[in-house]
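Understanding the architecture of this molecule
Here is what each chain is made of, one letter per residue.
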Amino acid sequence: MRLRDVALVGVSCTRQARVIDDTSAFDLTWEAVNGALADAGLTTDDVDGAAIQFLGPGGVPGDCGSWARLFGHPLRFIADGMLDTAGARGALKAASAIATGLCDVAVVGGATASGTRVPGGGSPSFEARGVGGLGSGGVAIGGGGDPFGSYVAANFALVAQRHMYDFGTTRQQMAEVAATIRNNGHRNPQAVMFGRGPYEPGDVLASRPVATPFNLLDICLVAQGGAALVLSTVERARDLRQPVVALLGGAMEFNRAAWTGGSVYRDCGMLGVDAARRMYAMAGVSPADTDLFSLYDPTSFEVIRQFEMLGLCKEGEGGPFTEGGTIALGGRFPTNPEGGCLSHAWNGTQQMTLKLVECVLQLRGQADGRQVPDCEVAVATNAGSGAQHIEMACVGRI
Amino acid sequence: MGRPLPVPDAMTAPYWEAARRGQLVVPECDACARRHFPPEARCPYCRSTWHWAVSSGEGEVYTFSVVHRGASPDFAVPYVLADVDVDGGTWTTTTNIVGCEPDEVRIGMPVRATFEAQNDEITLVLFAPR
């Protein structure tokens, strides 16, 4: 079997909020997993592959084999590592297992919450991840925290600043991207920032500086929440509850260890160009045929860069490309119609899963109030330049 | 508190020993002579072994960000996070630009290494205008 013989048969997105302290990460994960299974018309009895973040209680935190006891039967496939349980990387690895016959129904997902009703809570912190954790910045000579004060937003700022210098990308262009995606979230009742707009580019430019060239409204929010995907074969998907959405193509690209290398544009500025070519070739579609873009948007600028990366425009032309409503709902290339990480939710690792959830809802025609008309092909991306790795998937109706 | 400090290991200890002496050193390949940073187990360009070479300590700002909201409360803001091309652009390091106002920093600005002792063990290599 090939990747395109694998389908995304179920999706779920739990509530997303700045802080979720009335439930635990486990309980929210359980809700996400069962929600995605119910969406597909399946139950935990059907699951034989688990790429689901496991934080306890019970089992061994970090060991996805722990899910076997909770599902009440042995599993045939598990993932290891936080990023293997989310988004395109999680889906592509699970799909590979399904395509090769290792398992038949796999779930990808997880959640963050800080409630402590049972052990296993914990809240994600964009800031904390930027220091000493994933975002140890670029130096990390000898390990320990980054002594120069790099963190996620600042790392992406280093890339943006050089792009402005080399190609003349403007703050106005970045502000339009941020305002457009934030306005999508403003209109989405499920978004953390629902009703907080509308925004004009001028509002972005007038918000307080965080790490030049970025102001507060250029940078994604920090929240909590859960999401999950269920994958199985296209053959099985035809007998399930939802319209069939297949994984048409996918690709990954790793420059070096995540968040290292100082976010030097000449090293990471074109990260993902090769992956995008491979993904679109596998999918058999051209970049301009993409009806929906569900792009990683930790900052306004990364969206601009990713259009260059995907081949929609040339290197350096992303700023002008995104001007004039191109990426708005109703524009030529609608992007992050649910509000993205800027306004819907950045919730830790599972924001990666949310990118695919939105693709599936749009392809099924179930994106209430934000539906992209005649959506047949959608692309989701996770991570990007400053992170030094990227994962992407192309999904479509078949 | 104070900013987080690196923990030297077997591979990186010579870098920190040199910094303590006021010297900037960098991995230089035994075979192709190219420099790389941060240090890897083998030369990333040709897979050979390498030795520590002494850098001129002179470079130009490749990119930077004036950080107004710090990585943690341990950092006084604003500060300048930067990548500096060192030794004629043969290698690049992440650092802070000091010795000028943050809004005076520009891409391409000539800078020179300056050594700031944090404690008896760790001296950070920062860069200032030259």
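Residues numbered from 1 in each chain as written. Chains lettered and ligands numbered in written order. Predicted model: local features only at pLDDT ≥ 70, side-chain atom pairs only at ≥ 80, totals over all residues.

Right, let's talk about the overall build of chain B for a bit. Counting its regular elements, chain B contains 1 helix and 7 strands. Across chain B, helices and strands are ordered from the amino to the carboxyl terminus as α-β-β-β-β-β-β-β. Relative to the 2.2 N^0.38 estimate, which gives 14 Å for 130 residues, the radius of gyration of chain B is 15 Å and therefore close to what a compact globule would have. Considered along the principal axes of its C-alpha atoms, chain B spans approximately 40 × 30 × 25 Å. Put simply, chain B has 130 residues, and 38% of those count as buried. Restricting to contacts in chain B with at least 6 residues of sequence separation, those with at least 24 account for 45%. (Helix = DSSP H or I, 4+ residues; strand = E, 2+ residues; numbered from the N terminus. Rg over C-alpha atoms; globule rule 2.2 N^0.38 Å. Buried ≥ 20, exposed ≤ 12 C-beta atoms within 10 Å, placed from the backbone. Contact = placed C-beta atoms within 7 Å.)

A separate point is the overall build of chain A. Summing up its helical and strand segments, chain A has 14 helices and 11 strands in all. Dimensions of chain A, computed from the C-alpha atoms along their principal axes, are close to 55 × 45 × 40 Å.

Here we take up the interface of chain A and chain B. In this complex, chain A contributes 31 residues to the contact, which on the side of chain B involves 33 residues. Sorting the residues of the side of chain A that touches chain B by element identifies α5 (152-167) and β5 (209-211) of chain A as the ones contributing at least two each. Looking at the side of chain A that touches chain B, the element that brings in the most residues is α5(A), giving 6 residues. Taken together, the residues that form the side of chain A that touches chain B break down as 16 nonpolar, 13 polar and 2 charged. (Nonpolar A, V, L, I, M, F, W, Y, C, P; charged D, E, K, R; others polar.)

Residues and elements named next belong to chain A. Note on placement: Leu312 falls in the loop between α11 (300-310) and α12 (318-322). Residue classification places Leu312 among the buried residues on the basis of 21 C-beta atoms within 10 Å. A sequence separation of 22 residues divides Leu312 from Thr290, and the C-alpha atoms of the two residues are 9.7 Å apart. Look past the residues within four positions of Leu312 in its chain and what remains in contact with it is Pro287, Ala288, Phe307, Phe321 and Phe333.

A separate point is unusual backbone geometry. The linkage connecting Thr212(A) with the following residue, Pro213(A), adopts the cis geometry, with an omega of 10°. Note that the residue after Phe37(B), namely Pro38(B), is joined by a cis bond; omega there is -10°. When you line up the elements, Pro38(B) lands in the loop between β1 (25-29) and β2 (50-54). Its identity as a non-glycine residue notwithstanding, Trp259(A) has a phi of 65°, on the positive side. For Trp259(A), the position within the fold is in the loop between β8 (245-254) and α9 (265-268).

Turning next to the pairing of strand β2 (residues 49-52) of chain A. Residue and element names in this part refer to chain A. Burial along β2 is two-sided: the face carrying Gly49 and Ala51 and the face carrying Ala50 and Ile52 are both buried. Bridge count for β2 against strand β3 (residues 77-78) is 2 bridges, and the pairing is parallel. Residue pairing for β3: Gly49 is matched across the bridge by Phe77. One ladder, built from 4 bridges, connects β2 with strand β4 (residues 106-112); its direction is parallel. (Pairing = 2+ DSSP bridges.)

Now for the pairing of β1(B). All names here are of chain B. Of all 5 residues making up β1, 5 are buried, and the element is well covered by its neighbours. Taking every second residue as pointing to the same face, both faces of β1 are buried, with Val25, Pro27 and Cys29 on one and Val26 and Glu28 on the other. Both β1 and β2 contribute to a ladder of 5 bridges, which runs antiparallel. Residue Glu28 lies in a different strand from β2, and its bridge partner there is His51.

Looking now at the environment of Val111(B). Residue and element names in this part refer to chain B. As for its position among the elements, Val111 is in strand β6 (residues 110-117). Given 25 C-beta atoms within a 10 Å radius, Val111 is considered buried. Along the chain, Val111 and Arg47 lie 64 residues apart, while their C-alpha atoms are 31 Å from each other. Dropping the residues within four chain positions of it, Val111 is found in contact with Gly59, Glu60, Val61, Val84, Ile97, Phe127, Ala128, Pro129 and Arg130.

Residues and elements named next belong to chain A. Across the interface, α5 lies against α11 with an axial gap of 9 Å and an inter-helix angle of 60°. Taken together, the axes of α5 and α11 lie oblique to each other. The interaxial crossing formed by α5 with α11 has left-handed handedness. Residues Phe156, Ala160 and His163 of α5 lie in contact with α11, whose contacting residues are Phe301, Glu302 and Arg305. Tallied by class, the residues present in the contact of α5 with α11 amount to 3 nonpolar, 1 polar and 2 charged. (Axes fitted to C-alpha atoms, helices over the stretch in contact; angles between N-to-C directions. Parallel < 35°, antiparallel > 145°, perpendicular 65-115°, else oblique. Left-handed = near helix turned anticlockwise from the far one by under 90°.)

Moving on: the environment of Ala97(A). Residue and element names in this part refer to chain A. Of note, Ala97 is situated in helix α3 (residues 87-99). Between the C-alpha atoms of Ala97 and Gly49, which are 48 residues apart in sequence, the distance is 8.5 Å. Leave out the neighbours within four places in its chain, and Ala97 touches Gly49, Phe77, Leu102, Cys103 and Ala106.

This paragraph deals with α11(A). Of all the 11 residues making up α11(A), 11 are buried; the element is thus mostly covered by neighbouring parts of the structure. Within α11(A) the residues assigned to the buried category are Ser300(A), Phe301(A), Glu302(A), Val303(A), Ile304(A), Arg305(A), Gln306(A), Phe307(A), Glu308(A), Met309(A) and Leu310(A).

This part takes up helix α1 (residues 25-40) of chain A. Residue and element names in this part refer to chain A. With 16 residues, α1 extends 23 Å between its outermost C-alpha atoms, agreeing within 8% with the 22 Å of an ideal straight helix rising 1.5 Å per residue. Extensive coverage of α1 is indicated by the burial of 12 of its 16 residues. Taken together, the buried positions of α1 are Ala25, Phe26, Asp27, Leu28, Thr29, Ala32, Val33, Gly35, Ala36, Leu37, Asp39 and Ala40. Along its buried surface, α1 packs onto β1 (6-17), β2, β4 and β7 (224-233). (Expected span 1.5 Å × (residues − 1).)

What follows concerns the confidence of the model for chain B. Averaged over chain B, the pLDDT score is 95; the fraction of residues at 70 or greater is 99%. Among the prediction metrics, the complex's ipTM stands at 0.97, with pTM recorded as 0.94. (pLDDT = per-residue confidence, 0-100.)

Residue and element names in this part refer to chain A. Running from N to C, α3 and helix α14 (residues 351-364) cross one another at 70°; their axes reach a closest spacing of 6 Å. Our classification of the angle between α3 and α14 gives roughly perpendicular. On the side of α3, the interface is formed by Gly87, Ala88 and Ala91, while α14 contributes Met352, Thr353, Lys355 and Leu356. Across the contact of α3 with α14, the residue classes tally to 4 nonpolar, 2 polar and 1 charged.

A few words on the confidence of the model for chain A. Detail in the predicted coordinates should be disregarded across regions flagged by low pLDDT. Across chain A, the average pLDDT comes to 92, with 92% of residues at 70 or higher. Counting contacts from residues 118-142 of chain A, a segment whose pLDDT is below 50, to residues more than four positions away or on other chains yields 92 contacts.

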